Protein chains: 2
Amino acid sequence: MPSHEDFMRHAIALSRARMGDGDGGPFGAVVVMDGEIVGEGWNRVTGDNDPTAHAEVVAIRAACERLGVFSLEGAVIYTTCEPCPMCLAAVYWARLDRVYYANTAEDAARIGFDDVRLHREVALAPAQRELPSERLLADEASAVLDEWAADPDRLRY
Amino acid sequence: MPSHEDFMRHAIALSRARMGDGDGGPFGAVVVMDGEIVGEGWNRVTGDNDPTAHAEVVAIRAACERLGVFSLEGAVIYTTCEPCPMCLAAVYWARLDRVYYANTAEDAARIGFDDVRLHREVALAPAQRELPSERLLADEASAVLDEWAADPDRLRY
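Below is a short write-up of the structure. These numbers come from a predicted model, not from an experiment.

What counts as what
- Residues numbered from 1 in each chain as written.
- Chains lettered and ligands numbered in written order.
- Predicted model: local features only at pLDDT ≥ 70, side-chain atom pairs only at ≥ 80, totals over all residues.
- Contact = placed C-beta atoms within 7 Å.
- Helix = DSSP H or I, 4+ residues; strand = E, 2+ residues; numbered from the N terminus.
- Nonpolar A, V, L, I, M, F, W, Y, C, P; charged D, E, K, R; others polar.
- Axes fitted to C-alpha atoms, helices over the stretch in contact; angles between N-to-C directions.
- Parallel < 35°, antiparallel > 145°, perpendicular 65-115°, else oblique.
- Left-handed = near helix turned anticlockwise from the far one by under 90°.
- Pairing = 2+ DSSP bridges.
- Core = buried A, V, L, I, M, F, W, Y, C linked by C-beta atoms within 7 Å.
- Buried ≥ 20, exposed ≤ 12 C-beta atoms within 10 Å, placed from the backbone.
- Right-handed = clockwise from strand over helix to strand, strands pointing away.
- Arc of directions from axis to C-beta.
- Expected span 1.5 Å × (residues − 1).

Regarding the interface of chain A and chain B
Taken residue by residue, the interface counts 68 residues in chain A and 68 residues in chain B. Contributions of two or more residues to the side of chain A that touches chain B are made by α1 (4–19), α2 (45–48), α3 (55–67), α4 (85–93), β4 (98–103), α6 (115–123), β5 (133–135) and α7 (138–149) of chain A. Its residues assigned to classes, the side of chain A that touches chain B comprises 41 nonpolar, 14 polar and 13 charged.

In structure tokens:
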């Protein structure tokens, strides 16, 4: 059975192999279930024109597609860098059990990635963020939530 | 030119139309550039087996694919619910200018979605979170960041 270090080395190898060919930044991740890699990912933001294609998101999507599930409960993720807030929340939504990481958000910031600023922004109240936001049509949208909640056949996730 | 309310009503209509057919929860979003909708999204978590397929992420990916870009600077997003931390960080990574939202995270929590808990978790220091995390092989992964930073041809994003 491969060790934690073996899985992390695999993620590191992905990050190194793919960063040179225009896919995106130097980040890799693998999702492991029952001692087996079920999803691989590397940053593909620039190659795929997809700002959400961080290594962890790509690995989670790949694992879910392969296993035909929307919950990865029982699986873990190895990522070469501490997840940004987008990827961290994706880990929660995917119900992963644990995160193994190598570089920190500060390491990523050192080479110019926004992770530290993002962690700070996301933690603020909406009115304190640099990103302007504005509320509209609360009543009309709220009615849809009530319709959903009243549907006994809704599929929870 | 359509009003802010017109675009939000479009997002609300998407959220209502798609929640009934198994795609996912009652959430919709549209990305607007220069007064035109360039990306639509609705929650497709259960239909697509993709825990990252929240309305905002789907709309951002659609807009980037349509425009052939990885930055949506100059565009705004209309979403029927205040973005969860994943979607909020995706908005930052996509460089969107502004968020218009209708329901709040508390409204979503009221019908059973984890957004409030997630906002709280993401804001905590790693050691304080419910999600266990562990650091491994920092030196080996850090070397890859240095290699990236030393590459004069790297494409920043």
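Here we look at the packing of α4(A) against helix α4 (residues 85–93) of chain B
Put simply, α4(A) and α4(B) touch, their axes get as near as 7 Å, and they point 150 degrees apart. Here α4(A) lies roughly antiparallel to α4(B), going by the angle between them. For the crossing formed where α4(A) meets α4(B), the hand is left-handed. Only Pro85(B), Met86(B), Ala89(B), Ala90(B) and Trp93(B) of α4(B) make contact with α4(A), whose side of the interface consists of Pro85(A), Met86(A), Ala89(A), Ala90(A) and Trp93(A). Considered class by class, the residues forming the contact of α4(A) with α4(B) number ten nonpolar, no polar and no charged.

Digging into the sheet that holds strand β2 (residues 36–42) of chain A
Ordered in space as β2(A)-β1(A)-β3(A)-β4(A)-β5(B), the five strands form an open sheet in which the pairing is mixed. Looking at the sheet topology across the chains shown, the edges are occupied by β2 of chain A together with β5 (133–135) of chain B. With strand direction ignored, the average angle separating the axes of adjacent strands in the sheet is 20 degrees. Pairing between strand β3 (residues 75–81) of chain A and β4(A): five bridges, direction parallel. Residue pairing across strands places Thr79(A) opposite Tyr101(A), the latter belonging to β4(A). Seen against the sheet, α1(A) touches β1 (28–33), β2, β3 and β4 of chain A and runs at an angle of roughly 145 degrees to β1(A). Seen against the sheet, helix α7 (residues 138–149) of chain B touches β3 and β4 of chain A together with β5 of chain B and runs at an angle of roughly 60 degrees to β4(A).

So, the nonpolar core
In this structure, Ala89(A), Ala90(A), Ala89(B) and Ala90(B) are the most contacted members of the largest nonpolar core, which totals 100 residues. Ignoring sequence-local partners within four residues, the contact set of Ala90(A) consists of Glu56(A), Val57(A), Ile60(A), Pro51(B), Thr52(B) and Met86(B).

Brief notes about the environment of Gly47(A)
Residues and elements named next belong to chain A. With respect to the helices and strands, the residue Gly47 is situated in helix α2. Here Gly47 falls in the partly exposed class, since 16 other C-beta atoms lie within 10 Å of it. A sequence separation of 99 residues divides Gly47 from Asp146, and the C-alpha atoms of the two residues are 40 Å apart. Discounting residues that sit within four places of it in the chain, Gly47 has contacts with Gly22, Asp23 and Gly24.

Quick word on the pairing of β4(A)
As a general feature of sheets, a regular strand has side chains that alternate between the two faces. Most of β4(A) sits inside the fold, with five of its six residues counted as buried. Read from β3(A) through α4(A) to β4(A), the crossover connection turns out right-handed.

Here's the deal with α6(A)
When we look at burial in α6(A), the residues that qualify are Asp115(A), Leu118(A), His119(A) and Val122(A). Seen from one end, α6(A) has its buried residues packed into an arc of 100 degrees, which puts them on one side. Each element contacted by the buried residues of α6(A) is listed here: α4 and α5 (105–110) of chain A together with α4 and α6 (115–123) of chain B.

Observations regarding α1(A)
All names here are of chain A. Over its 16 residues, α1 extends 23 Å from the first C-alpha to the last, a length consistent with the 22 Å expected when each residue adds 1.5 Å. Listing the buried residues of α1 in full gives Phe7, Met8, Ala11, Ile12, Leu14, Ser15, Arg18 and Met19. Along the axis of α1, the buried positions cluster into a sector of 155 degrees, meaning they face one direction only.

Structural notes on the sheet that holds strand β4 (residues 98–103) of chain B
With respect to topology, five strands assemble into an open sheet ordered β5(A)-β4(B)-β3(B)-β1(B)-β2(B), the strand pairing being mixed. Of all strands in the sheet, those bounded by a partner on one side alone are β5 of chain A together with β2 (36–42) of chain B. Between one strand and the next, the sheet's axes are offset by a mean angle of 20 degrees, whatever the strand orientation. Taken together, the six bridges between strand β1 (residues 28–33) of chain B and β2(B) define a ladder with antiparallel strand orientation. Residue pairing for β2(B): Val31(B) is matched across the bridge by Gly39(B). Sheet contacts for α7(A): β5 of chain A together with β3 (75–81) and β4 of chain B; angle to β4(B), the most-contacted strand, approximately 60 degrees. Across the sheet, helix α1 (residues 4–19) of chain B touches β1, β2, β3 and β4 of chain B, and the angle it forms with β1(B) is around 145 degrees.

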